[in-house]
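What follows is the residue order along each chain.
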Amino acid sequence: CTGLDELLGIEPVFAEFQDTLFSQASVTLERSVQSKEINAKLDEGISLFLARVSPYFLLKPAQKCLEWLIHRFHIQLYNVDSLLACALPYHETKTFTRRSGVPLARGTLITHCYKDLSFMDFICTMVTKAVMAYSTHVTTSSQLRVVFSFYASTVVSALDAAGAVTDTMISKLLPFVQKGLKSSLADYRAATYMIVCQLAVKVVMEGSLVSTLALQVAKSLVKEPTLTREGLGCLIVLLQNQKEGSVGPNSLVETLQSMAVVHDVSPLLRYLLPPLVHSVVATHYHEMEQDAEVPAHRLLLESIVGSLPLSKGLDDTVHLATPTDMFKFLCMLWSYGANHGDQLDVRVGAVLQTQALYVGRALLAALPAPTLHTLASAQAPVVPSLLGCLSSPYREVRRAAIAVLDTLGQAKDSSSSAFQPIITRLLKNTEEIIADPAHLSQALGVLHEETSADPKKATLGAAFQLLLQTIQASVCPSYTAVTLLRTLDHVNGESVLTALMPTLDSLVVQSGQEPTILRSEAQLSQLVLGKYTEQTAPLLTKDQACLDLFIQALKSPVQPYPDIPSIQVMALEQITKSFFGVLGEEVQQQLLGVMFDLLAESRDALVSNAISSVFKGLAVDAELVAKELVPPAKSKVTVTVQQTRRSKMLQRKAEESGEAKPEEDAVPWQRVTLILELLQHKKKLKKAQALVPALFTLLARQLLLSCLLNVCQKLSPDAGPVAPDVLDEDKFNVELVVQCVRVSDMPQTHHHALLLLGTVASIFPEKVLHNIMPIFTFMGANIMRLDDSYSFQVINKTVQAVIPALIKVSADWNHGQCEGELEAHEGAQPDSIDVVVVKIVHVFVDALPHVPEHRRLPILSQLVATLGPARFLWDVALEQDVEFWISLCCGFQVSEQLSSLIRILQYLMGLPQDMHDEAPVNPPPALRRGARRKEPQAEEKVEELLFNAEAHSSKELRHFKFLSVNFTAQLLASNSFIRKETLRYIHSVAHCVEDNSDKPTAKFWRALLNKAYDVLDKVNSLLPTDTFIVVMKGLMGNRLPSVRRKAMELLNNKLQQKTKWEEPQVTVLISLSGDLLSIVGRGHGQVTAEEEAMKEEEEEEEQAINRQTALYSLKLLCRNFGADHQEAFVPVLRRAVEVATATGEEKNVAGSALLCIAEVASVLKTLAIPQLPSLMPALLQTMEERRDLLSNEIYLLSAVTALQRVCRITRLAETSSVSPQLSARLASLRSTLATKVAPRVLLPTLTKCYNDMVPAKQSHLGPLMSILKDHIGHMEKDQLNSHQSELTSFFLTALDFRAQHCQLENTLGGEEECQRRVTQHLVPCLGQFSVAMGDDTQWKTLNYQVRFSALLMVMELASKLRENYMVLLPETIPFLAELMEDEALFAGEDGVQKSTVLLQYVLDCMFKIFLYDTQHFLSKDRAEGLMGPLVD
């Protein structure tokens, strides 16, 4: 089977080539020897075959046929164009690459297409040849779809990629475009449409060419009904992107006429007519004034209207015969921009709106007066539409509307217009309206207020009523009504609401009937409901229709748009505090009822939230809410006995038959529940006590209980009793609350009821007292067993609230008994409180085994703490086991524990010695008190409740006594541990640890020793201070290292506590330093050979941890007592220095020694100086050993701390001249600070140090100024410039030293000495700074800052600065002359002495100044200025 046979199975059109190209004769045909005619005929057959096989190029049969043609007829040499045309649509496939040898990128193909027009012509010709090849065999274009796709994509992409489409390119494409538009093949026409669109977008063509293309596109649509949408789209793109008027109206209309016969041309006309009408309207005013020629678009519009069938509302944009119709059209254009819908499928922007306004102005100017009166009347939409334009957000629209309004208002006899009062007032505020879009509504609001205040302005009020009537007119579009009502935003009042009620009624009815209302209608509903304000609220009381309409709005839940609330929510938002407060009580009751009904019926969360928010903001009378909670009572009707019997019989039958008959006075629980939820968070509630009877009537669930709790808290915020006139005790049904606790199965109900009872106990304590036991019995049996924080909190709150109230009642009774008022308490005895409390304790104790273990101790501790430990703690002691009792006792004071023990012993003494009957009477389930009641009316006693002797056997009595005494003994046994037993036992256990260190029981003995230490810790806190010191001193002398260490730890704990030590105790504590020093010992390498031998003879060597602990103890002793006992800690410093400087010392020990040195040195101050020669070299050497420091962080921290503390006394060391090496080290340290630290860090620190030293440490200024001098010398120029102001300020402060800090006698010599303190250190710094700056502008103002005593500074500056001081001479000479002429300086008895000294200093100063004068500064004028004062 050959490739041709396979192709014939796919496409029969190849059958004609069986006898030619693929015949048997072709096997021997050699075309190179054939004639020209034969080869031409052969080329024609090959081209036809290649054109037909191109759609099947990728199939294997086609490839076989091509292989045959290449092999047999050498088509790759003789038929290159035909072969390329066959394969080119597949240039991106692997098959094409295999045939051609190289891949062809699409970008390369497109670039070649628009650069080489012959190649573009080749592609277009290839399509026509393919169409001709299949022209006689096919009726569809499916075979050529690949060719058409390649054609369209290549040419469109080439046109898009070309920089500019030339006329030559268009001339090349135009013949093929015309062929494509005339073709009957749909794919061919679609490809041509795409090329036409690309040409229209890419280049502006001549009008004739555009007209020709438009006609051919239109004719193609008429000729072939397929591709209608694509053809219309091509036509629209062509018209949109070419010059206006390129298509002649006549030819287009003719084409549209022919198209209208076959197609619906309405979509095209919807595109054509709006801009066409827009152009006609925009140039209308121009035509009227200049009598211009009728433009082409006007003719086109007339042709379309006259010759085309206009349907679907298109004929409504062109029929404007009368001025009234014209202005109706213009008013629609003025206000249509506010329409959110698209009823006319057009958009009116601000530009068109402005143009339409100016057209209207021109028309108004040309109309006669009667017509203007008609247009300005209430029946015409002109004035309302203009008011809407005056509130436009666009300034130019407002300006154009003002122009139209001005034209309308200036017409003759315009005063007859009903709107003239409004127009006149608005024209007075034209500038404000143009500037601010919100000004119109404000101006109208002011006008309406004037109308309400002045009855004479009836015409103005009538104008407003006409505007409101316009809104409710049926011909007024809803979007226009919205715009107009927004301009009337500040126009409010009962008359306004009355006028708008029909509109609201219509909207509410419409919202309930139609599934969807317009957006503008929803907005209009919101604006009308906004008129229900505080001003119009009285109308709801006067006019029942107004109230009914508002209630109807509250019941309209439809929300058609998600961004606009429903009418229901809009109405709810109007119920504000001020609005509700103005309403009458009956209206308030109705609105509350409606809101509560909506809350119960609505399932919309927005409505529920809105009602909750509204109710929370209202100030509501509780009586109104109470009426909504409880249904009205049935009126009493007198009935006979027979009627009563009959009703009971009918009721019994109904119950037996199971029929449910609803009760007439049934409570709507869902509604009540929701109301109670609102009351939970209600703050603004008047007469809250009015709710109490209603709530008790409804008392059935925890929400009611919670609401009652809220009311009680409001009545008694301070948890105290309330007056009977506020709430009568009889109205508070405590028994019912207790019943709720007992019968309910809901934990929430239990919790709420208990919290309520706890609050009521503070208000009505006696009433709660009579019902207390059922409460705590239920609590012990149920709530205490729950393991949750909320239940635990409820128990605590109940105990804290109820118990103190009962104790208070007991105290009141005791007080009444003393005053003879016992009868007032109905015969109650003080012991009855104890009985009740004991019963409560028993309830808790009985429930304790069922309570979660981690809750037991907190619950019982809270109970005992509330009851009072001194009075009732012993009751619990007789109820529990020893361990729990001891744990409980730990939470109370020792005095309370001892009181409880005394009460236990007193109670035990009151019990009988023995019982005669061995068998118990009614034995209890466990060993505890047997609270058996003898008689129902018998009086109970506390003793019988604790342990009823008659109800137990003798054995049980003895057991009870034994347990009680055993507990007392165990508690008191701790007293023996306070004595020597604890220490003796620890010593014993420590020996056992050593003796059993290599045995299996070693772990046990170590654990036992740790427990013994714990006991010692507890005993330590109980020991008196004097005893504690003695005990610790003895323990530190123990031969066991572990005991010594524990003693030091206990001492450290004691020293860290804020204890107020007495002087004798301090003396004893300081004496412990000798024992601690013996534990520290000397450092390694610091002992002699003889001492080393003695040390080897010791039983054991002190452990390193003990030495660290001892050093820490010494540090704490010095911190606490070193300041007042410095001499006692000199040996401590000496020993610590020995340890720290010892070579080979363990690092942790050395670190502890350094910390001890730091503490002691900072306390001893000058007494520490003798140790510095040996300490500082070692400390500095330590700082240089970076490896050791970095490997041990604690050691590093210790060394740095020691260095920091020691550096504080380096000044003392320097002045004492103890060690030249130390002085050198300190000098090196100063040099490092001066040269290594950045100026931004060092200069603020130097200033702070100077301020600290000047008042009391003036002798310390030398090193400080030395550091500053060296620092200035090492500063760069840019650093000096940046810190210049800071340095200058510092020097000026130092130069003013005498006036601020020298408080000596007023003598020149005294001031000189005072000044020299700072001068000798400051002048070198100034000199260094002046040399470093090299700027003569920095010191010109310096002499104005010094006074008389600064003369010494001038001398020093002159001698130090030398030639640099010349910059100061212009200020120095006048200063010296002024100083000598000041007679006040020389007044007094020593005036001669002062003048002599002054003359000496002045001459000396001038000598030094002139000595360094290298600039011939001393002129004649300056010499004369000095000569006069000198001679005088």
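Residues numbered from 1 in each chain as written. Predicted model: local features only at pLDDT ≥ 70, side-chain atom pairs only at ≥ 80, totals over all residues. Heavy atoms only, no water.

### Focus: the overall build of the chain
Phase 1 of the analysis: Scanning the chain from terminus to terminus reveals 75 helices and two strands.
Phase 2 of the analysis: Within the chain, the proportion of its 1432 residues that are buried is 46%.
Phase 3 of the analysis: Expressed as a percentage of contacts within the chain between residues at least 6 apart in sequence, the contacts between residues at least 24 apart total 74%. (Helix = DSSP H or I, 4+ residues; strand = E, 2+ residues; numbered from the N terminus. Buried < 20%, exposed > 50% of the residue type's maximum accessible area, 1.4 Å probe, protein only. Contact = heavy atoms within 4.5 Å.)

### Observations concerning unusual backbone geometry
When glycine is set aside, most residues are seen to have a negative phi, and most peptide bonds are trans.
Phase 1 of the analysis: Phi is positive for His-74, which is not a glycine, with a value near 55°.
Phase 2 of the analysis: Mapped onto the elements, His-74 comes out in the loop between α3 (60-73) and α4 (75-78).
Phase 3 of the analysis: At Lys-687, a residue that is not glycine, the phi angle is positive and equals roughly 55°.
Phase 4 of the analysis: Among the secondary structure elements, Lys-687 is positioned in the loop between β2 (685-686) and α39 (691-698).

### A few points about helix α67 (residues 1261-1273)
Phase 1 of the analysis: For α67, spanning 13 residues, the distance from its first C-alpha to its last is 18 Å, which sits close to the expected 18 Å at 1.5 Å a residue.
Phase 2 of the analysis: Within α67, the full set of buried residues consists of Leu-1261, Gly-1262, Pro-1263, Leu-1264, Met-1265, Ile-1267, Leu-1268, His-1271 and Ile-1272. (Expected span 1.5 Å × (residues − 1).)

### A few points about the pattern of salt bridges
Two side chains that carry opposite charge are able to pair once their charged atoms sit near each other.
Phase 1 of the analysis: All chains considered together, the criterion is met by 15 salt bridges.
Phase 2 of the analysis: Here Asp-597 makes a salt bridge to Arg-671, at a shortest N to O gap of 2.6 Å. One end of the pair, Asp-597, is in helix α34 (residues 585-601); the other, Arg-671, is in helix α38 (residues 669-680), and 74 residues separate them in sequence.
Phase 3 of the analysis: Where Lys-1046 meets Glu-1049, a salt bridge forms, and the shortest distance between an N and an O atom there is 3.8 Å. (Salt bridge = Lys/Arg side-chain N within 4 Å of Asp/Glu carboxyl O.)

### Thoughts on helix α25 (residues 439-453)
Phase 1 of the analysis: Its 15 residues give α25 an end-to-end C-alpha distance of 21 Å, which sits within 8% of 21 Å, the value for a rise of 1.5 Å per residue.
Phase 2 of the analysis: Restricting attention to buried positions, one finds in α25 the residues His-439, Leu-440, Ser-441, Ala-443, Leu-444, Gly-445, Leu-447, His-448 and Thr-451.

### What to know about the confidence of the model for the chain
Residues shown with low pLDDT carry predicted positions that ought not to be read at fine detail.
Phase 1 of the analysis: Here the chain averages 75 in pLDDT, while 70% of its residues score no lower than 70.
Phase 2 of the analysis: Confidence drops under a pLDDT of 50 for residues 634-639, and excluding neighbours within four residues, the segment shows two contacts in the predicted structure.
Phase 3 of the analysis: This stretch, residues 1304-1310, has a pLDDT under 50; its non-local contacts, to residues over four places away or in other chains, come to ten contacts. (pLDDT = per-residue confidence, 0-100.)

### Quick look at the packing of aromatic side chains
Phase 1 of the analysis: Applying the stated rule across the entire model yields 16 aromatic pairs.
Phase 2 of the analysis: Relative to Phe-1121, the ring of Trp-1061 lies with its centre 6.1 Å away and its plane at 80°, an arrangement referred to as edge-to-face. Of the two residues, Trp-1061 is situated in the loop between α55 (1041-1056) and α56 (1063-1080) and Phe-1121 in helix α58 (residues 1104-1121); the sequence distance between them amounts to 60 residues.
Phase 3 of the analysis: With relative accessibility at 6%, the residue Phe-1121 sits in the buried group. (Phe/Tyr/Trp six-rings, centres within 6.5 Å; stacked < 30°, edge-to-face > 60°.)

### Examining a negative patch on the surface
Phase 1 of the analysis: A surface patch of like charges, here negative, comprises Asp-728, Glu-729, Asp-730 and Glu-766.
Phase 2 of the analysis: Among the structural elements, Asp-728 can be located in the loop between α40 (702-715) and α41 (734-743). (Patch = residues over 30% accessible without salt bridge, like charges linked within 9 Å, V, L, I, M, F, W, Y side chains within 5 Å. Areas by Shrake-Rupley, 256 points an atom, 1.4 Å probe, with all protein chains shown as cover. Lys, Arg positive; Asp, Glu negative; His and termini not counted. Charge placed at Lys NZ, Arg CZ, Asp CG, Glu CD.)

### Observations regarding the nonpolar core
Phase 1 of the analysis: Counting residues in hydrophobic clusters, the biggest one holds 151 residues, and the most contacted among them are Trp-334, Leu-426, Tyr-532, Ile-575, Leu-679 and Leu-691.
Phase 2 of the analysis: At nine residues, α34 tops the list of elements feeding residues into this core.
Phase 3 of the analysis: With sequence-adjacent residues up to four places away left out, Ile-575 is seen in contact with Phe-550, Leu-554, Phe-580, Met-595, Val-614 and Leu-618. (Core = buried A, V, L, I, M, F, W, Y, C linked by side-chain atoms within 4.5 Å.)

### Re a positive patch on the surface
Phase 1 of the analysis: On the surface, Lys-577, Lys-684, Lys-686 and Lys-687 cluster together into a positively charged patch.
Phase 2 of the analysis: Note that Lys-686 resides in strand β2.

### Description of the side chain of Ser-1152
Phase 1 of the analysis: Tracing the backbone through its elements, the reader meets Ser-1152 in helix α60 (residues 1147-1164).
Phase 2 of the analysis: Ser-1152 gets classed as buried once you look at its relative accessible area, which sits at 17%.
Phase 3 of the analysis: Sequence-distant contacts of Ser-1152, defined by excluding residues within four places in its chain, comprise Gln-1108 and Leu-1111.

### Some details on the packing of helix α31 (residues 544-554) against α34
Phase 1 of the analysis: Where α31 meets α34, the closest approach of the two axes is 11 Å, and the angle between their N-to-C directions is 15°. Looking at the two axes, α31 sits roughly parallel to α34. Between α31 and α34 the crossing geometry is right-handed. Contacts between α31 and α34 involve Leu-547, Phe-550, Ile-551 and Leu-554 from the former and Val-587, Gln-590, Leu-591, Val-594 and Leu-598 from the latter.
Phase 2 of the analysis: Of the residues assigned to the contact of α31 with α34, the class counts are eight nonpolar, one polar and no charged. (Axes fitted to C-alpha atoms, helices over the stretch in contact; angles between N-to-C directions. Parallel < 35°, antiparallel > 145°, perpendicular 65-115°, else oblique. Left-handed = near helix turned anticlockwise from the far one by under 90°. Nonpolar A, V, L, I, M, F, W, Y, C, P; charged D, E, K, R; others polar.)

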